[in-house]
Amino acid sequence: MTTPWRDRALPAAERVEDLLSRMTLEEKTAQLYGVWVKNDANGEDIAPDEAGMTEAFDFDELITRGLGQLTRVFGTAPLDPEEGARILARFQRRIMDASRFGIPAVAHEECLAGFTSWRATAYPVPLAWGATFDPSLVEEMARNIGRDMASVGVHQGLSPVLDVVRDPRWGRVEETVGEDPYLVGTIGSAYVRGLESAGIVATLKHFAGYAASVGARNHAPVRAGVREFADVVLPPFEMALREGGARSVMAAYTETDGIPVSADRALLTELLRGDWGFTGTVVSDYFGVGFLETNHRVASSRAEAAHAALAAGIDVELPSLRCYGEPLVEAVKAGEIPESLVDVAARRVLLQKCELGLLDEDWSPEPATASVDLDPPRNRDLARRLAEESVVLLDNPDAVLPLAPDVRIAVVGPRADDPLAMLGCYSFPSHVLPAHPGTALGIEIPTVLESLRTELPDAKITYAAGSAVDGDDTEGFPEAVARASEADICVAVLGDRAGLFGRGTSGEGCDAEDLRLPGVQAKLLDALVATGTPVVLVLLTGRPYALGRWHGGLAASVQAFFPGEEGGPSVAGVLSGRISPSGRLPVSVPKSPGGQPWTYLQPPMGLFGGASNIDPTPLYPFGHGLSYTTFEWTDFEGGGDGDRVPEIATDGEHDIAVTVRNTGDRAGAEVVQLYLHDPVATVTRPDIRLIAYQRLDLAPGEARRVRFRFHADVSCFADRTGRRVVEPGALELRMAASSTDVRHGVRVALTGPVREVGPDRRLHCETEVQAVED
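Residues numbered from 1 in each chain as written. Predicted model: local features only at pLDDT ≥ 70, side-chain atom pairs only at ≥ 80, totals over all residues. Heavy atoms only, no water.

1. Some remarks on the pairing of strand 5 (residues 201-207)
How we decide: Buried residues are those whose accessible area, probed at 1.4 Å on protein chains only, stays under 20% of the maximum for their type, while exposed residues exceed 50% and partly exposed ones sit between those limits. Secondary structure counts use DSSP, requiring at least four H or I residues in a row for a helix and at least two E residues in a row for a strand, with both numbered from the N terminus. Here the rule is simple: two strands pair whenever DSSP picks up at least two bridges between them. With strands facing away from the observer, any crossover in which the path from the first strand over the helix to the second runs clockwise is taken as right-handed.
Judged by how many residues are buried, strand 5 sits mostly within the fold: seven of seven residues are covered. Both strand 4 (residues 156-157) and strand 5 contribute to a ladder of two bridges, which runs parallel. Along strand 5, the bridge assignment pairs Gln-156 with Val-201. Remark: the strand 4/helix 8 (residues 181-197)/strand 5 crossover connection has right-handed handedness.

Right under this line is the structure:
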C-alpha cells in the first residue's frame, strides 16, 4: 500500500498533513533553510556580510534530517551546464539517500536578466524591459529562461525585482523596470507568467519598500509613508501575485519606520496572506533573518531572530542555515518558541514541494538530456529582439542619425569596445567571473565598436578609449580628441560598469552620490564636443544620468540600459538605420545632477515652483522616445457633446480611443500612453500617472485604432484613513506619447458615493486594438 504522503491520487494538503505527522522537530526545521555548498573553494565572497554570516557545516551529517533548499549550484562558480546538472543531481541523490523520507531540496538560482549561470544567455536588464513597453516579449523571454533552468534541475528563480524607482542614485536601478508602478506591475507580471509557465517558482522581490531607502543607499532605512507604500510600492507586487501567479515572495532587507521587513507580521502575514490571499512561500533575502540580530539589532540571539522571522511569516532562511537550524530547535524544545510556528512554515514549504513533484516516489534528479545548451540561437534571437526594442533615441535635432554608410566615424569612449558594457550586475560575467580571473565569458558578446564595423563595412572607423569608466585619469584624452577631429562624426560610447558592492558604478551596493557621469567621462565628452565634430552620445548605463550640460550641443543622444549579449548589434543597428528606434524611457532623464530624488510621480508641490530655486523638471520625461518615422494621431473619441462632461458612476466605465497612423516611409513603433490627472482629492495625488499603454508596430501607411476602457477602480487611492477608495469628482484622461507630450485629453466626472475597493478591484483599463482599413 502506498504511504499517503506519497500517493499522488490524494490532495496535496492531505499528503502534506500525513507527512508532517510523521516528522520530528529536526526534520521539520530542516525544510526551512537552504545550504550554500560552494563548489570552488577559491571563489571570493560575493557579499560584504557573507563571511560573518556563514559558518562551516558537515553537509553529510546535516542532510540526514533532510534539506529545504540548495543555493545557487550554478550561480556560484563557472560550471559547464552539463557538469552543473550532474553536480546538482548528485547533491539531490545524496540528500534523498541520507534522510529518512528521501525528500529532495528545492534548487534555486538567480535569473534577473537570464539564468545566472556560466554560458547562459545574458538578456537585457529589467530597466531595458521597461523601455520596450512590450509585456508579451518579456513573457516570452521569461518562458525561455524558465525552460533553461528547468532543463538542468532548477526549481525556483529569484526574480523579478518589482521595486519602483524612487531615487535614481540607488545602485539597483538597473534591476528595476522603472519609476512607474503600473509599468513595473505589467512588465513584472508578464515575466512571472513566463517563468511560472515553464514550471519555475517565481520569487517576487524585494517585498517591500527596498528601493525607497534614505539617500538611495543600499540597505538604508525606508521613510516612505502609508500612502506611498499603498499607492506606489505595493501595487506591482499585488498585480504580479493576482495576474502573474507568483508562488514565492522574498522579504526585503530594509526597515520601514523602525520595523525590519523580516520581522513585520503586518506586511508578511496580515497583508500578504490575509488581505491578498497569498498561499505560497516567503523566503528571506540572503542573511536577512540573521540581520535581525546583527544589523537591525531587534533580536539578541539567533533564536530570537528565528522567532521574530517565523512569527512575521518567513518560511525559508536563505542562503544557508544560521538561525533556523540548531538555535531554533533548541528554543522550541525549551518552550521559548511554539512548535506551531515551525509547523506552519514547514506545511507551506512541503505543499510547494508537492506541487513541484518532489514528494513523488518516482521523482528523479537526473536531467532528461545529457547535452545542454543554455545559449541556443532561439535565445540569442530573443535577446536581440528585446535589445532592439529597448534602445531609446533621446534626441536627433539635426537628423544626423541614421549614419551615412560611407562616413568617417571616430568611435570614442570606455564603453565602446568592452563586452561587459552590455551586462548588468546579475549577469554571470559581471556577478561571478570577477572572482575567477582568466575565465572566458562563456558567451559571445559583440561590442559597439565591433558591431559598427560589421554594420557599416564601407565606413572608415577609428577608435580610442579616451578614459576608463571611473577614476580621474585623463591621459587618453589627446588621442580621443585627435580621432574625433579627423572624423566626420564622433560616436561617444559612455556609461557604467556593472558590479557589486562598490566594485562597479552601477549594481547592488554601487550607489551614486549624484547623477554625474562616472569618473572623467563628462570631461571627455566636453573635449569631444569642443572639437566641432558632431558628437552622437551613446549611453550604456544602469541608471539615467544628468545630460542638461550638453543639451543643444550634441548631434544626437541614444540611451541603452545594459542591453545584454546582443546589445552591440542592436545599438549599431539603430545608429545605421537598420532598426528604427522604438524604446521609451522607463525613468526620467534629469537636466542636472542635483535636485534629486525625483521621479515623474509628483504631487503639485513636487513640481517646479517659485518657492525653490531648484528646478527638478527632467530633460527627457518618462515615456519619451523618438523614431525614424512619423505618426499621426487622429479620430479621437471619448469626450462629451459640446461642453458636456461625461459622467461616470464611481463603479462605472468610460471608453477613450484614437487612431494612430505611420505617416513615414519606414516601419516603426509608437507607444500610446494613457495618463490620469486628478485635480482635486482628499489627499494629494500625483499630477499625472500612467494607467494604460499599448505598443503599436506599424508598417509605412498602416493605421490601428486603440481603445482603452477606463474603469473607475483604476482611479482609486489610499485615503486619510488608509482605506483604498474611489472618490467622486472631476478627472482628466490624457492620451500621450510621453508623460509631457499629451495628444488628446478628456474631462470626466465620477458621480455617486465614495466607494471602498479591495483586492478584487480592476487593475487595468481593458485595451482593444483594431486594424484600420484605408
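2. Structural notes on the packing of helix 13 (residues 302-312) against helix 14 (residues 326-333)
Rules: Lines fitted to C-alpha atoms define the axes here, with helix axes fitted over just the stretch in contact, and angles between the N-to-C directions of these axes take values from 0 to 180 degrees. Roughly parallel covers angles under 35 degrees, roughly antiparallel covers those over 145, roughly perpendicular covers 65 to 115, and oblique covers all other angles. Pairs of residues are marked as contacts when any of their non-hydrogen atoms sit within 4.5 Å. Following the grouping adopted for this structure description, the nonpolar residues are Ala, Val, Leu, Ile, Met, Phe, Trp, Tyr, Cys and Pro, the charged ones are Asp, Glu, Lys and Arg, and the polar ones are all others, Gly among them.
Relative orientation of the contacting elements helix 13 and helix 14 amounts to 85°, with a least axis distance of 8 Å. Overall, the two elements helix 13 and helix 14 adopt an arrangement that is roughly perpendicular. Every residue of helix 14 that contacts helix 13 at Arg-302, Ala-303, Ala-306 and Leu-310 is listed here: Pro-327, Leu-328 and Ala-331. Within the contact of helix 13 with helix 14, the residues separate by chemical class into six nonpolar, no polar and one charged.

3. Overview of the pairing of strand 13 (residues 489-495)
Counting buried positions along strand 13 yields seven of seven residues, so the element is predominantly enclosed. Judged by which residues are buried, strand 13 turns out to be covered on both faces: Ile-489, Val-491, Val-493 and Gly-495 on one side and Cys-490, Ala-492 and Leu-494 on the other are all buried. Across four bridges, the pairing between strand 11 (residues 408-412) and strand 13 is parallel. For Val-411, the partnering residue across the bridge sits in strand 13 and is Val-491. Handedness of the strand 13-helix 20 (residues 521-530)-strand 14 (residues 535-541) crossover: right-handed.

4. Structural notes on the packing of aromatic side chains
Let me state the cut-off plainly: Ring pairs shown here join Phe, Tyr and Trp side chains whose ring centres sit within 6.5 Å, with only the six-membered ring taken for Trp; geometry is labelled stacked below 30 degrees between planes, edge-to-face above 60, and tilted in between.
Inspection of every chain in the model, using the stated rule, returns 17 aromatic pairs. For the pair Trp-129 and Tyr-191, a centre-to-centre distance of 5.0 Å together with 10° between the ring planes defines the contact as stacked. Placement of Trp-129 in helix 6 (residues 126-132) and of Tyr-191 in helix 8 is noted, with a sequence separation of 62 residues between them. Of the two residues examined, Trp-129 and Tyr-191, each falls in the buried class.

5. Considering the pattern of salt bridges
The following threshold applies: Salt bridge, as used here, is a side-chain nitrogen of Lys or Arg placed within 4 Å of a carboxyl oxygen of Asp or Glu.
Evaluation of the coordinates by the stated rule reveals 59 salt bridges. For Glu-565, the salt bridge identified is with Arg-380, shortest N-O distance 3.1 Å. Linking Glu-565 in the loop between strand 15 (556-561) and helix 21 (567-576) with Arg-380 in helix 16 (residues 377-390), this pair joins segments that are 185 residues apart in sequence. As far as burial versus exposure is concerned, Glu-565 and Arg-380 are alike and both buried. The residue Arg-408 makes a salt bridge to Asp-488 at a minimum N-O spacing of 2.9 Å. Of this pair, Arg-408 sits in strand 11 while Asp-488 sits in the loop between helix 19 (477-486) and strand 13, placing them 80 residues apart in sequence.

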